[in-house]
Protein chains: 2
Amino acid sequence: MVKLIDVARTAGVGAGTASRALSGNGSVDRETKERVIAVAKQLGYSPDVAARALRERRTRTIGLLLPDLANEFYTASVAVLQQELSDAGYQLVIASTGNDPSTERIALQTMIDQRVEGIVHVPVDADLVLPTTVPIVQLNRQSASRQAAAASDDLAGVDELTTAIVHAGHRDIAVIVGPTGFSTSRNRLLGALRAAERAGIPQSERPLDGARLRVRHAPLTVDGGAQAVAQLFPDLPSCLIALSSRLVMGALRECGDRGIHVPESLSLAGYGDPDWFSIWRPGITTFAPNLTEMGRQAARLLLAQLAGEETGPPALIPGKVQVRGSVTGLSAG
Amino acid sequence: MVKLIDVARTAGVGAGTASRALSGNGSVDRETKERVIAVAKQLGYSPDVAARALRERRTRTIGLLLPDLANEFYTASVAVLQQELSDAGYQLVIASTGNDPSTERIALQTMIDQRVEGIVHVPVDADLVLPTTVPIVQLNRQSASRQAAAASDDLAGVDELTTAIVHAGHRDIAVIVGPTGFSTSRNRLLGALRAAERAGIPQSERPLDGARLRVRHAPLTVDGGAQAVAQLFPDLPSCLIALSSRLVMGALRECGDRGIHVPESLSLAGYGDPDWFSIWRPGITTFAPNLTEMGRQAARLLLAQLAGEETGPPALIPGKVQVRGSVTGLSAG
DNA sequence: CTGTTAGCGCATTCAT
DNA sequence: ATGAATGCGCTAACAG
C-alpha cells in the first residue's frame, strides 16, 4: 500500500504539505498542491482510514440498528439513508437485531465500542436505555419521547384511510393491529379510533344500531393476521383493516382458506405498500407511508445533530392513502 | 474513553501485560490475567478499533457489494451472511450499487481503500475487473468463471420446474427471462431449454404438432414482465414461465389488465419465492432457490479463503420446486 | 507557504 | 512472566 509519505517524497515535499494538499485543510501553493494531487492519483494513493481515525479521533462512521435486514419495510428507507450519509462522507455500518431485545442491547454496545459517531435506530425494545455519548435518531418507531426521530404520520394516515372506508358506507369494522408495546401500533390504532369516533361508530363487540368497531391485537406476522381473522369468524365485519402488510398477508391467507372472497364477501384495507398490493386483484386499498422520505429525514436529523444543531420535535412524515379495489362501496341501509 | 493504559495502571501492571491478558496472546500469570480482565470489565474498557487496526494491519472488516438493498431476494441471503461473519469476528460494511456499473466500480474501489479483508459481491457488470489483492466471493450471479462463488443451481431447478409443467400436459410454453448478460438469466433459461428438448418440445415461434417453446427476454422489472406478456398477446401459450419474481409480478399485472385469468385461461410458473407467492390464490408454482443457504455458503467460502485455504469450484446450492395452483393440469388432447 | 515533529491507542518486540 | 520501548500512518501544531 502506498502511503502519504511516499507521495510526499515523490512530489518532493514534506508529509505535512502533502496532507494539507490532499485534504484541503490549511494553505498550500496552488502549483505544488496540484502536483501532489497528481502524484497521489498516479501512485494510486488512498489514505489509511485506521490511521486517520486514530489521529483525528473520529471514525466517519454511522451505525444503523434495525430489527430485520430482510424486511423491505425497513430497507426501503435504508437505501436512501445510506446514500445521504455516504454523500456526507460517512460510512454506514449495519447490524440487525432479529427483533430480540438482548441482541439489540449487545449490538448497540458493539456500535458504541466501534466508536460510531452517530446511530440510526429502529427500536425493538421500548425500554432500552439509550447511550447519551453519541447522537441517535430513531427511525419509524419511537421509544423515548425526547428522542430525535423520523416517523410516518400513521395517526393521520390511518385516520384518513378509515374515514375513506366509512365514507364508502362501512359501519361494521374490525381492526387488526400489532402489540401495544410498539409506538407504531398505538398510533395506527389511534388513527382508526379517532376516525371511527368522529363518524359516530362506537368501539364495541356488539353492533349498536348496526355500527361497531372491534379491535384485535396480534403479533406482526402472517400467522398473527391469519389467527385474528380466524377468531373473528364467523361474525365478520363488512370491512377489515389490517394495520401492517404482514397482517394483510395473513388475513388474505385465512380468507382464502375459508373461502371468504375479498372484496365480495369482505372488504379489506391495509397498511404499507409492498409491490404486490397493487398486483393483487383488484388491488389493496391502503395507507402507504413515505418510506424513502423517512430515510432522508433520518439522515438529515442525524447530520444536523452531528453539526451540533438542536433538532426539534420528531419529524412526522405524511404518507398517502391508496384507494384500490379491496374496499367496496356499500349501498346505504 | 478508557484505554488500555488505564486498565493497566489500575491493575498495577504494564501496558504490555494488560494487552496480553486481554487478547490471550503470549503468556501471563493466571492470577494477574484474571485481575486485568476484571478491571477491564469494571472500567468498561473496549479496545479502540482504529488503533488496533493500525497496529495489526488488519481491519477485521468484510465488504458486501450488492445491486439493491431494498430487494429481499438479496437481503434474505445477507441476514445469515451477516450473522456468520459476525460470529467469525468480522464487521460487515455494506454498499449498494443501484444496478449501475459505474457506481459498482467506484464502490468496489472504496472498499479496497477501506482496507476490507474480503468482499462478498453480487455482480452487476459481468465485465468488471476484480481486484486480486483481496479474497472475493461472488453471490448469486457469477461473472468471471475462475472466481469463488455461491450460487443457486438454477439450471437444475428450472429444469425440474419445467419438467413438472410438461408432465402436467403443457406443450405450448413461453418463457420470460432477464437479459442474456446475467449468468443467472442464462442458467435459468438453459434449464427450461434442456427440459423442453428432453420432452421433445422444439424452440419455435410456430407450434409444431401443437408443441413449441418461445423465449422472450425482458428487463428484470415489473414493467418488463408486463410488456413481455403484452407482446405475446393474443397468441398466448398454455403455460407461461416467468423467471424472476418481478417478471411474475409484471405478468400478473398485465394478465389482470387484459382480463386473462390465471390459471383458468393461462397457467403461470415463476422463480423465487417471496411470501406473496403462497398468498396469491391459488398459489404460484415456482422454483425457490435456497437463499439462506447461499448466504451461509458465501460466508464459508470467504472465511476459508481468509484462512488461506483453496476454494474449489463454485458451490451450486440446490433449491426446491414448489407446486401450487397457478399451473393447471391439461387433459391430453 | 512549508518541513519537522509529536502523538493518537494499541500489539509487539526486546530485555530483563 | 513482565515492563519499557517502538512504530503502525496520519494530521495538527509548531517553527521557520
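Residues numbered from 1 in each chain as written. Chains lettered and ligands numbered in written order. Predicted model: local features only at pLDDT ≥ 70, side-chain atom pairs only at ≥ 80, totals over all residues. Heavy atoms only, no water.

Go over the pattern of salt bridges, please, and point to the residues and values.
Residues and elements named next belong to chain A. Within this structure, the stated rule accounts for 34 salt bridges over all chains. The salt bridge partner of Glu84 is Arg296, with a shortest N-O separation of 3.5 Å. Of the two residues, Glu84 sits in helix α5 (residues 72-87) while Arg296 sits in helix α12 (residues 291-306), which places them 212 residues apart along the sequence. Its relative accessible area of 19% is what places Glu84 among the buried residues. Look at Arg296 and you get partly exposed, because its relative accessible area is 25%. In this structure, Arg296 and Glu293 form a salt bridge, with 3.1 Å as the shortest nitrogen-oxygen distance. In this pair, Arg296 and Glu293 both sit in helix α12, three residues apart, roughly one turn of the helix. (Salt bridge = Lys/Arg side-chain N within 4 Å of Asp/Glu carboxyl O. Helix = DSSP H or I, 4+ residues; strand = E, 2+ residues; numbered from the N terminus. Buried < 20%, exposed > 50% of the residue type's maximum accessible area, 1.4 Å probe, protein only.)

Account for the relation of the copies chain A and chain B, with residues named and values stated.
Screw-axis analysis of chain A against chain B gives a translation of 0.1 Å along the axis, an RMSD of 0.2 Å, and a rotation angle of 180°. Both copies are brought into coincidence by an operation consistent with a two-fold rotation axis. Using C-alpha coordinates, one finds that chain A approaches the rotation axis most closely at A:Ala50, a distance of 2.3 Å. In this assembly the copies share their binding face: 100% of the residues contributing to the interface of chain A also contribute to that of chain B. (Least-squares fit on C-alpha atoms with pLDDT ≥ 70 in both. Contact = heavy atoms within 4.5 Å.)

Give a description of the nonpolar core that names residues and reports values.
Core analysis: the biggest nonpolar cluster contains 95 residues, and A:Val175 and B:Val175 have the highest contact counts within it. A:Ala242, A:Val248, A:Cys255 and A:Trp280 belong to the second largest nonpolar core, which has 48 residues in total. (Core = buried A, V, L, I, M, F, W, Y, C linked by side-chain atoms within 4.5 Å.)

With reference to specific residues and values, describe the domain arrangement of chain A.
As far as domains go, chain A holds domain 1 (4-47), domain 2 (61-152 + 291-317) and domain 3 (154-289). The gap between the C-alpha centroids of domain 1 of chain A and domain 2 of chain A is 36 Å. (Domains from an automatic or database assignment.)

Talk me through the state of the cysteines; I want residue IDs and the actual numbers.
Counted under the stated rule, the structure contains zero disulfides over all chains. Not part of a disulfide, A:Cys255 finds its nearest cysteine sulfur in A:Cys239, a span of 11 Å. (Disulfide = S-S within 2.5 Å.)

An account of the UniProt feature "domain: HTH lacI-type" (unreviewed entry) in chain A is needed here, citing residue identities and associated values.
Under the present numbering, the feature "domain: HTH lacI-type" (unreviewed entry) in UniProt falls on residues 2-56 of chain A. Split by type, residues 2-56 of chain A is 71% helix and 0% strand. Its first and last C-alpha atoms lie 20 Å apart. (UniProt positions renumbered as here; feature names shortened; annotations may be inferred.)

An account of the protein's contact with DNA strand D is needed here, citing residue identities and associated values.
Close to DNA strand D lie 26 residues, the nearest being A:Leu4, A:Arg55, B:Thr17, B:Ser27 and B:Arg55. When the atoms of DNA strand D within 4 Å of the protein are grouped by moiety, sugar and phosphate amount to 71% of the total. In the model, a phosphate oxygen of DNA strand D is placed 3.3 Å from a nitrogen or oxygen of the A:Asp48 main chain. Contact between DNA strand D and B:Arg57: a phosphate oxygen at 3.5 Å from a side-chain N or O atom of the residue. Of all the secondary structure elements, the ones that give two or more residues to the surface near DNA strand D are α2 (15-23) and α4 (49-56) of chain A together with α2 (15-23) and α4 (49-56) of chain B. Of the residues in the surface near DNA strand D, the class split is seven nonpolar, nine polar and 10 charged. (Near = heavy atom within 4 Å. Polar contact = N/O pair within 3.5 Å; in protein donor to acceptor, adjacent residues only side chain to side chain. Nonpolar A, V, L, I, M, F, W, Y, C, P; charged D, E, K, R; others polar.)

Any details on empty space enclosed by the protein? Residues and values, ideally.
Residues and elements named next belong to chain A. Counting across every chain of the model gives four cavities of 30 Å³ or more. Taken as a whole, the largest cavity spans an internal volume of roughly 60 Å³. Surrounding the largest cavity, Pro123, Val124, Asp125, Ala126, Arg141, Gln142, Ser143, Gly181, Phe182 and Ser183 form its lining. Of the residues that constitute the lining of the largest cavity, the class distribution is four nonpolar, four polar and two charged. Each of domain 2 (61-152 + 291-317) and domain 3 (154-289) contributes no fewer than three residues to the lining of the largest cavity. (1 Å grid on protein atoms, 1.4 Å probe; cavity = no way out; pocket = protein on both sides within 12 Å on 5 of 7 lines; lining within 4 Å. Points joined across faces, edges and corners; volume = space filled by probe spheres on them.)

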